[in-house]
Amino acid sequence: MKKTRKRYLQFTLHRNGAEITEKQFSNAIWSSLLSLYGEICTADSKFYLNSYDAKKGTGIFQCNAAALEKVIASAVMINSIGNIRVSFEPKKVSGTIKGLG
Amino acid sequence: MPIDLNVRILGSERLGEFEDMAGRLGITGIAPSIELDKPVVMSGKGLALYFRADLKGKRIHSLRKELGLLRRRAMIVAFPLAGVETSNWAAEDRRVDLLTLGSDNIGRTLKDSTAHMAKHSETALEIQFAAILQSTGLNRSRVFKGFREAARTALDADMKIVLSSGASHPINMRSPMAMTYIGLMLGMNRVDSREAVFNTPQQIIEHNERKLSSEFVGPGVEIVKRGDKREKD
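Fair warning: this is a prediction, and the values are worked out from it, not measured in the lab.

Engineer: How would you sum up the layout of surface pockets? Please name residues and give values.
Structural biologist: Residues and elements named next belong to chain B. Space inside the largest pocket adds up to approximately 760 Å³. If you go around the largest pocket, you meet 34 residues; those closest to its centre are Ser121, Glu122, Thr123, Ile204 and His207. Only helix H4 (112-120), helix H8 (190-212) and strand E10 (216-218) provide two or more residues apiece to the lining of the largest pocket. With 11 residues, the single largest contributor to the lining of the largest pocket is H8. Grouping the constituent residues of the lining of the largest pocket by class yields 12 nonpolar, 8 polar and 14 charged. Along the wall of the second largest pocket there are 26 residues; nearest its centre are Asp54, Leu55, Lys56, Pro80 and Asp104. Elements with a contribution of two residues or more to the lining of the second largest pocket: strand E5 (52-54), helix H2 (60-70) and strand E6 (76-80). For the lining of the second largest pocket, the element with the most residues is E5, which contributes 3 residues. Its residues assigned to classes, the lining of the second largest pocket comprises 9 nonpolar, 8 polar and 9 charged.

Engineer: Describe the sheet that holds strand E3 (residues 40-42) of chain B, naming the residues involved and giving the relevant values.
Structural biologist: All names here are of chain B. The mixed open sheet is built from 4 strands, whose spatial order is E1-E2-E4-E3. The sheet terminates laterally at strand E1 (3-7) and E3, the two strands that pair on one side only. Mean inter-strand twist for the sheet, computed between neighbouring axes without regard to direction, equals 25 degrees. Sheet topology note: the E1/strand E2 (residues 29-32) ladder contains 3 bridges and is parallel. Residue pairing in the sheet places Ile3 in a bridge with Gly29 of E2. Packing of helix H1 (residues 15-25) onto the sheet brings it into contact with E1, E2 and strand E4 (48-50), and relative to E2 it is tilted by some 150 degrees. Contacting E1, E3 and E4, H8 crosses the sheet at an angle of about 80 degrees to E1.

Engineer: I'd love a proper account of helix H2 (residues 68-76) of chain A, names of residues and values included.
Structural biologist: Taking burial as the measure, the 9 residues of H2(A) include 7 buried ones, the bulk of the element. Of the positions making up H2(A), those classed as buried are Leu68(A), Val71(A), Ile72(A), Ala73(A), Ser74(A), Ala75(A) and Val76(A). Against strand E1 (6-15), helix H1 (22-45), strand E3 (58-64) and strand E5 (84-94) of chain A together with helix H5 (130-133) and helix H7 (176-185) of chain B lie the buried residues of H2(A).

Engineer: Which residues make up the packing of aromatic side chains, and what values do they have?
Structural biologist: In the structure shown here, the tally under the stated rule is 9 aromatic pairs over all chains. Arranged with centres 5.4 Å apart and planes meeting at 15 degrees, the rings of Phe25(A) and Tyr52(A) form a pair that is stacked. Of this pair, Phe25(A) sits in helix H1 while Tyr52(A) sits in strand E2 (residues 48-53), and the two are 27 residues apart along the sequence. By the burial criterion, Phe25(A) is buried, and Tyr52(A) matches it. Summarising the aromatic geometry, the rings of Trp30(A) and Phe47(A) are spaced 5.5 Å apart at their centres and angled 85 degrees between planes, so their arrangement reads as edge-to-face. Of this pair, Trp30(A) sits in helix H1 while Phe47(A) sits in the loop between H1 and E2; the two residues are 17 residues apart in sequence, bridging distant segments of the chain. We classify Phe47(A) as buried; its relative accessible area is 6%. Stacked on the ring of Phe198(B), the Lys or Arg Arg194(B) has its end atom at 4.5 Å from the ring centre.

Engineer: I'd love a proper account of the pattern of salt bridges, names of residues and values included.
Structural biologist: Residues and elements named next belong to chain B. Inspection of the entire model under this criterion finds 13 salt bridges over all chains. Residue Asp93 pairs with Arg95 through a salt bridge whose shortest N-O separation is 3.0 Å. Given the relative accessible area of 13%, Asp93 is considered buried. Asp156 serves as the salt-bridge partner of Arg152, at 3.2 Å between the closest nitrogen and oxygen. Of this pair, Arg152 and Asp156 both sit in helix H6 (residues 137-156), separated by 4 residues, roughly a single helical turn. The exposure class of Arg152 is partly exposed, given its relative accessible area of 42%. Looking at Asp156, the relative accessible area reads 55%, which means it is exposed. Through salt bridges with shared partners, one network takes in Glu19, Asp20 and Lys45.

Engineer: So, the packing of H7(B) against H8(B): which residues are in play, and what are the values?
Structural biologist: Residues and elements named next belong to chain B. It is the contact of H7 with H8, at a shortest axis distance of 8 Å, that shows an interaxial angle of 135 degrees. The angle between H7 and H8 places the two elements in the oblique class. Between H7 and H8 the crossing geometry is right-handed. Contacts between H7 and H8 involve Pro176, Met179, Thr180, Gly183 and Leu184 from the former and Arg190, Ser193, Arg194, Val197 and Phe198 from the latter.

Conventions we followed
Residues numbered from 1 in each chain as written. Chains lettered and ligands numbered in written order. Predicted model: local features only at pLDDT ≥ 70, side-chain atom pairs only at ≥ 80, totals over all residues. Heavy atoms only, no water. 1 Å grid on protein atoms, 1.4 Å probe; cavity = no way out; pocket = protein on both sides within 12 Å on 5 of 7 lines; lining within 4 Å. Points joined across faces, edges and corners; volume = space filled by probe spheres on them. Helix = DSSP H or I, 4+ residues; strand = E, 2+ residues; numbered from the N terminus. Nonpolar A, V, L, I, M, F, W, Y, C, P; charged D, E, K, R; others polar. Pairing = 2+ DSSP bridges. Axes fitted to C-alpha atoms, helices over the stretch in contact; angles between N-to-C directions. Contact = heavy atoms within 4.5 Å. Buried < 20%, exposed > 50% of the residue type's maximum accessible area, 1.4 Å probe, protein only. Phe/Tyr/Trp six-rings, centres within 6.5 Å; stacked < 30°, edge-to-face > 60°. Lys NZ or Arg CZ within 6 Å of the ring centre and 35° of its normal. Salt bridge = Lys/Arg side-chain N within 4 Å of Asp/Glu carboxyl O. Parallel < 35°, antiparallel > 145°, perpendicular 65-115°, else oblique. Left-handed = near helix turned anticlockwise from the far one by under 90°.

These values are about where atoms sit, not about what they do.
Right, dumping it as structure tokens:
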């Protein structure tokens, strides 16, 4: 199988309420991606949350390079997780985790 | 310098929350819906606040009157897309900066002819993305349809586009980089999307700052130096 190119994204999740857990955030992205782009794109995205600091709301995720725009767009469209309203801010994209500094 | 040309602040007491959020997101200026004393006011937190006026008239006569009263006071004058007659009037009038499409007028369409007129008078199409964030499922699909069609029409006519939040709550604001991804979802390419977030709002502000300055006489005519007042011999 051909190896796919990955991209890593550093982000901040702004919120006005209690902390959002890693599981909640990850599920919210999957749901948004599924709703906006459908099952095939969601499957091909290979989205994975590498690290996430629930207190600061910062983290890094990885996905397939071809699906990067769609994954970020899906994350930007998330308005609330549970009852907590959020605003997703993409910070920096890189081909390696090291490149994110 | 990214500027959010439309935030809907319900009362001036909530302005601080929006200023904080704009600061966190890296936005350098906002145009709130509240009335300001001057066209541009610098807030204590270093954020530029631009006086924005949305025209509310239903007929051309009342709109002309309203525009005449507001133009010298407001930095941004916007007109929500409505019927063909009034939209064409707003598109043709150089004093109107933005033709707005947002949650209040989702069903409205931007006609090709309106877009071409707007292109010649340098009026931009403003898309307020709060309507997308606040809807889900089929409703969101309808919003996307309206916004994507309008964006396509504007781009085909070479009309400028501005992306703004239309946020009534600070958390509904998005960072400039996030806004460019919303632009991509509306069918723009990367260049157009960046232009709609970073350059066009800035250009409109700079253009209006020049027009509102005391040195401005008319298009292409400015006072560059004032002479001494001398009495005739």
